[in-house]
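Summary of structural features
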Amino acid sequence: MNVLNIGAGVIGTTYAWQMHTAGCKVTHLVRSEKLQQYQTNGIEIHCLDLRKRGNQNVKEIYRPEFVDKLSPDNSYDYILVSVNSNQIADLLPSLKENSGKATIVILQNLRMGDDELIASVLPQDKYLIAYPFKAGGGKNGNRIDNVIFDLPLTNTVLGEVSGEITDRAKKLYQLLKRADMNPKIIKDIIPYVRTHYVWGAVCVAAYIKAGSYDKFMEPESIRESYLAMREGWEICVRQGINPRAVSPTKLYYLPYPLLIPFTRWIYRQKGMREMFEGHVSHSPEEMKDMVYTLLNLGDKYQVNMP
């Protein structure tokens, strides 16, 4: 398979790197002013790979192909898009014109409403959506510090907006399976990404408010975060989505005596601290944007969100 990844951020690079390791031909589209730097130095990867049973700390100089232009006569099978959420609107017209026969994979934590923006520009048969719940981390210059998880719930969830199980979704599933990124095809991808956006925004807000990872794990901080999530999911309800029917969101409505110990157990798992700290330090403006997007939607849908 021939795969193009747009950019050199944490998520896209992690997935592209694993596809490259699995035998795919992988290319990264980077800015012209950085092309020579990437061609010369590659990308330095420091990965805590929790799928490994031996030495889990992987250090590697990743050297795929790098280009600074995309033309419609390309030979890519898939184009991975995992840019910052505030960049996707500017990218869509170029993707529409230059993606050729490739399937576009929107591989990111989409802001609520970005799925509608994408649908307004790209034909439905040109793209599918995936949620990269398998990996996370941060970036410092040319170095990626990432974590690849091995927990049962850390899937790479993917699906068609239509809910169909198509051949191209099955092929992507097989590709991600070969890359050991735990894929899962679901029919309700839009409810999934919208409810998970709430989860992500609130977790970030709770972490920043707590001021440290240790305080973030305290029972009162966790309880407050779930109160806020349930407020955010009321937006989904008013959009016609039932969060209690979406997995694993439905688990987050369990009684607090069950939910808080379970969450503390999750947060204690190896790699969780690194993921949260990496996300917030790498993309503070994007993280802040997630929170305020949610609050603005609360105003729009007249949801009380104390």
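In the block above lies the structure referred to throughout.
A brief report on the enclosed structure follows.

This next bit is on the overall build of the chain. Scanning the chain from N- to C-terminus turns up eleven helices and twelve strands. When the 306 residues of the chain are sorted by exposure, 55% land in the buried category. Taking all contacts inside the chain whose residues are at least 6 apart in sequence as the whole, residues at least 24 apart take part in 73%. With an accessible surface of roughly 14,100 Å², the chain has 49% of that area assigned to carbon and sulfur atoms. One way to put it: in the chain the 37 positive side-chain charges average out to a point 4 Å from where the 33 negative ones average out.

Counting buried positions along strand S8 (residues 127-132) yields six of six residues, so the element is predominantly enclosed. The two faces of S8 match: Tyr127, Ile129 and Tyr131 on one face and Leu128, Ala130 and Pro132 on the other face are all buried. Relative to S8, strand S7 (residues 103-107) runs parallel, the two being bridged by four bridges. Residue pairing across strands places isoleucine 106 opposite isoleucine 129, the latter belonging to S8. Note that the unit made of S7, helix H4 (residues 114-121) and S8 has a crossover that is right-handed. With four bridges joining them, S8 and strand S11 (residues 156-159) adopt antiparallel strand pairing.

A word on the packing of aromatic side chains. Counted according to the given criterion, the structure contains 17 aromatic pairs. Centre to centre, the rings of tyrosine 207 and phenylalanine 216 are 5.7 Å apart; their planes meet at 85 degrees, and the pair counts as edge-to-face. Chaining the aromatic ring pairs together yields one cluster made of Tyr207, Tyr213, Phe216, Tyr267 and Phe276. Against the face of tyrosine 256 rests arginine 223, its NZ or CZ located 5.1 Å from the ring centre.

Taken in spatial order, the four strands of this open sheet run S4-S3-S10-S9, and their pairing is mixed. The sheet is open, and its two borders are formed by strand S4 (57-62) and strand S9 (135-140), each paired with just one other strand. Across the sheet, the mean angle separating the axes of adjacent strands is 20 degrees when strand polarity is ignored. Both S9 and strand S10 (residues 143-148) contribute to a ladder of six bridges, which runs antiparallel. Bridge assignment links glycine 136 to a residue of S10, and that residue is valine 147.

Sheet architecture is open: eight strands sit in the order S5-S2-S1-S6-S7-S8-S11-S12, paired in mixed fashion. Pairing within the sheet leaves two strands with one partner each, and these edge strands are strand S5 (65-67) and strand S12 (183-185). With direction set aside, neighbouring strand axes in the sheet form an average angle of 25 degrees. The sheet contacts of helix H1 (residues 10-21) involve strand S1 (2-6), strand S2 (25-29), strand S6 (78-81), S7, S8 and S11, and relative to S2 the element is tilted by about 160 degrees.

Now for helix H6 (residues 189-210). Along an α-helix, residues three or four positions apart point the same way, because every turn accommodates 3.6 residues. Between its first and last C-alpha atoms H6 spans 31 Å; for 22 residues at 1.5 Å apiece the expected length is 32 Å, and the two agree. For H6, the tally of buried residues reaches 18 of 22 residues, placing the bulk of the element in the interior. Directly beyond the C-terminal end of H6, a positive phi value near 90 degrees is found at glycine 211.

Turning our attention to the nonpolar core. Ranked by size, the top nonpolar core spans 72 residues in total, and within it Ile6, Ile79, Val81, Leu95, Ile106 and Tyr267 carry the most contacts. Here this core takes 14 residues from H6, the largest share from any one element. Each residue touching valine 81, except ones within four places of it in the same chain, is listed here: Ile6, Leu91, Leu95, Ile104, Val105, Ile106, Leu107 and Gln108. The next biggest cluster of nonpolar side chains, apart from the first, holds 35 residues, and it includes Ala16, Val26, Leu35 and Ile144.

Conventions adopted
- Residues numbered from 1 in each chain as written.
- Predicted model: local features only at pLDDT ≥ 70, side-chain atom pairs only at ≥ 80, totals over all residues.
- Heavy atoms only, no water.
- Helix = DSSP H or I, 4+ residues; strand = E, 2+ residues; numbered from the N terminus.
- Buried < 20%, exposed > 50% of the residue type's maximum accessible area, 1.4 Å probe, protein only.
- Contact = heavy atoms within 4.5 Å.
- Areas by Shrake-Rupley, 256 points an atom, 1.4 Å probe, with all protein chains shown as cover.
- Lys, Arg positive; Asp, Glu negative; His and termini not counted.
- Charge placed at Lys NZ, Arg CZ, Asp CG, Glu CD.
- Pairing = 2+ DSSP bridges.
- Right-handed = clockwise from strand over helix to strand, strands pointing away.
- Phe/Tyr/Trp six-rings, centres within 6.5 Å; stacked < 30°, edge-to-face > 60°.
- Lys NZ or Arg CZ within 6 Å of the ring centre and 35° of its normal.
- Axes fitted to C-alpha atoms, helices over the stretch in contact; angles between N-to-C directions.
- Expected span 1.5 Å × (residues − 1).
- Core = buried A, V, L, I, M, F, W, Y, C linked by side-chain atoms within 4.5 Å.

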